[in-house]
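# A structural walkthrough
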Amino acid sequence: MNYSDLMTVLRRLSIEAGDKIMEIYNADDFEVKTKSDESPVTEADEAADALISAGLREAFPDVPLVTEEQAASHSIDARTFLIVDPLDGTKEFINRRGDFTVNIALVEDGVPTRGVVYAPARERMFYTNSVGHSVEETGPFKVDTKGETKDIRVTEPDNEALMVVASKSHRDQATDDYISKYNVKDMRSAGSSLKFCLVATGEADIYPRLGRTMEWDTAAGHAVLAGAGGQVVRFDDHTPLAYGKDGFANCFFIAYAPGVDLKQG
């Protein structure tokens, strides 16, 4: 895999998908349907998925592709693959709250090694570069011209005054109970994979997730966080969160900056 070529394609497709998503987002109205698992899906999810999938299959025809919106891909058995959530945070999109992202990642031998997270409504873009280090690009975002980038790095956490980020749409008592085990300076809510990116930039120290997620929800954010020096571990035993699991479902997990004194659940 030529990582430079890969990241050029992933960045371009995320911007093109983001443009399509924002076109629908800014329309007077858009259709919302319900999938078999009762989760919502919009024409923006489907349009972005079609665009990204076509681009990835053209550029990397020999690499398996897993994407949320194509159920047939969920039975793929592979350790190395591309994985896509074309619109992560559909509820945020429907409610016009802005915290939604385009997520595209490469998983190699069960580990997310490269990825891009683009939040078009927030005008923030994070990705790993060709050597696996994470950067944030400043807009305006143009398909064929990279803007200025800055290296991002997790913070040195103060365990007496931690910054916590948690889900905007999926907070529950179990999450609050776990967070209460820490000395928290402040807490913020964010939607979609932006939570990983806030830890990656040092805007937060820890993001615990005690709820259902799928690998396409997390792989790109995981790659960005890892490229900024962070880690993502299973909630139960604090071993690394692996990818390519049967059905691509995640267990509960904790994303954090090393130096956080992790508590048991």
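Above this text sits the structure in question.
Residues numbered from 1 in each chain as written. Predicted model: local features only at pLDDT ≥ 70, side-chain atom pairs only at ≥ 80, totals over all residues. Heavy atoms only, no water.

## Observations regarding the pairing of strand E5 (residues 101–108)
Sheet faces and side chains relate simply in a regular strand, where the side chains alternate between the two faces. With seven of eight residues buried, E5 is to be regarded as a mostly interior element. For strand E4 (residues 81–88) and E5, the ladder comprises six bridges, and the chain directions are antiparallel. Note on E5: the bridge partner recorded for Ile-83 is Ala-105. Pairing of E5 with strand E6 (residues 111–119) involves seven bridges; the strand directions are antiparallel. Pairing of Leu-106 across the sheet is with Arg-114, part of E6. Here E5 hands over to E6 after two residues, with Asp-109 in that stretch at a positive phi of 50 degrees. (Buried < 20%, exposed > 50% of the residue type's maximum accessible area, 1.4 Å probe, protein only. Helix = DSSP H or I, 4+ residues; strand = E, 2+ residues; numbered from the N terminus. Pairing = 2+ DSSP bridges.)

## Topic: the packing of aromatic side chains
Within the structure shown, the criterion is met by 12 aromatic pairs. An angle of 70 degrees between the planes, with centres 4.9 Å apart, marks the rings of Tyr-178 and Phe-235 as edge-to-face. Of this pair, Tyr-178 sits in helix H4 (residues 173–179) while Phe-235 sits in the loop between strand E13 (231–234) and strand E14 (253–256), and the two are 57 residues apart along the sequence. A relative accessible area of 2% places Tyr-178 in the buried class. The class of Phe-235 is buried, set by a relative accessible area of 14%. Every member of this aromatic cluster is reached through a ring pair, and the members are Tyr-25, Phe-30, Phe-93 and Phe-100. Seen from the ring of Tyr-3, Arg-114 lies directly overhead, with NZ or CZ sitting 3.8 Å from the centre. The ring of Tyr-243 has Lys-245 sitting right over it, with the charged end atom 5.1 Å from the ring centre. (Phe/Tyr/Trp six-rings, centres within 6.5 Å; stacked < 30°, edge-to-face > 60°. Lys NZ or Arg CZ within 6 Å of the ring centre and 35° of its normal.)

## Re the nonpolar core
Buried together is how nonpolar side chains tend to be arranged in soluble globular proteins. Counting 35 residues, the largest nonpolar core has Phe-81, Ile-83 and Leu-225 as its most contacted members. Element by element, the count of residues in this core is highest for helix H5 (residues 194–200), at six residues. When near neighbours in sequence (up to four residues on either side) are disregarded, Ile-83 contacts Val-66, Asn-103, Ile-104, Ala-105, Val-107, Glu-215, Trp-216, Ala-219 and Phe-248. (Core = buried A, V, L, I, M, F, W, Y, C linked by side-chain atoms within 4.5 Å. Contact = heavy atoms within 4.5 Å.)

## Topic: the side chain of Lys-195
Note on placement: Lys-195 falls in helix H5. No salt bridge is formed by the buried Lys-195; its nearest oppositely charged neighbour, Asp-88, is found at 6.6 Å. A polar contact is formed between the side chain of Lys-195 and the backbone oxygen of Ser-192, at a distance of 2.8 Å. Lys-195 has contacts with Val-165, Ala-166, Ser-167, Ala-190 and Tyr-207, leaving out every residue within four places of it along the chain. (Lys, Arg positive; Asp, Glu negative; His and termini not counted. Salt bridge = Lys/Arg side-chain N within 4 Å of Asp/Glu carboxyl O. Polar contact = N/O pair within 3.5 Å; in protein donor to acceptor, adjacent residues only side chain to side chain.)

## What about the pairing of strand E8 (residues 134–137)?
With burial as the criterion, each face of E8 is covered, one bearing Ser-134 and Glu-136 and the other bearing Val-135 and Glu-137. Counted between consecutive antiparallel strands, the loop separating strand E7 (residues 124–128) from E8 contains five residues, among which Gly-132 sits at a positive phi close to 90 degrees. One ladder, built from three bridges, connects E8 with strand E9 (residues 149–151); its direction is antiparallel. Bridging from a neighbouring strand, Val-135 pairs with Asp-151 of E9.

## So, a negative patch on the surface
Together, Asp-28, Asp-29, Glu-31 and Glu-43 give the surface a local cluster of negative charge. Turning to its location among the elements, Asp-29 is positioned in the loop between helix H1 (3–25) and strand E1 (32–34). Given the relative accessible area of 63%, Asp-29 is considered exposed. (Patch = residues over 30% accessible without salt bridge, like charges linked within 9 Å, V, L, I, M, F, W, Y side chains within 5 Å. Areas by Shrake-Rupley, 256 points an atom, 1.4 Å probe, with all protein chains shown as cover. Charge placed at Lys NZ, Arg CZ, Asp CG, Glu CD.)

## Quick look at the sheet that holds E6
If you walk across this open sheet you meet the seven strands as E3-E4-E5-E6-E7-E8-E9, and the pairing is mixed. Looking at strand neighbours, the two that pair on one side only are strand E3 (65–67) and E9, the edges of this open sheet. Geometrically, the sheet is characterised by an average inter-axis angle of 20 degrees between neighbouring strands, direction not taken into account. Relative to E6, helix H6 (residues 215–227) is tilted by about 100 degrees, and along the sheet it contacts E3, E4, E5, E6, E7 and E8. (Axes fitted to C-alpha atoms, helices over the stretch in contact; angles between N-to-C directions.)

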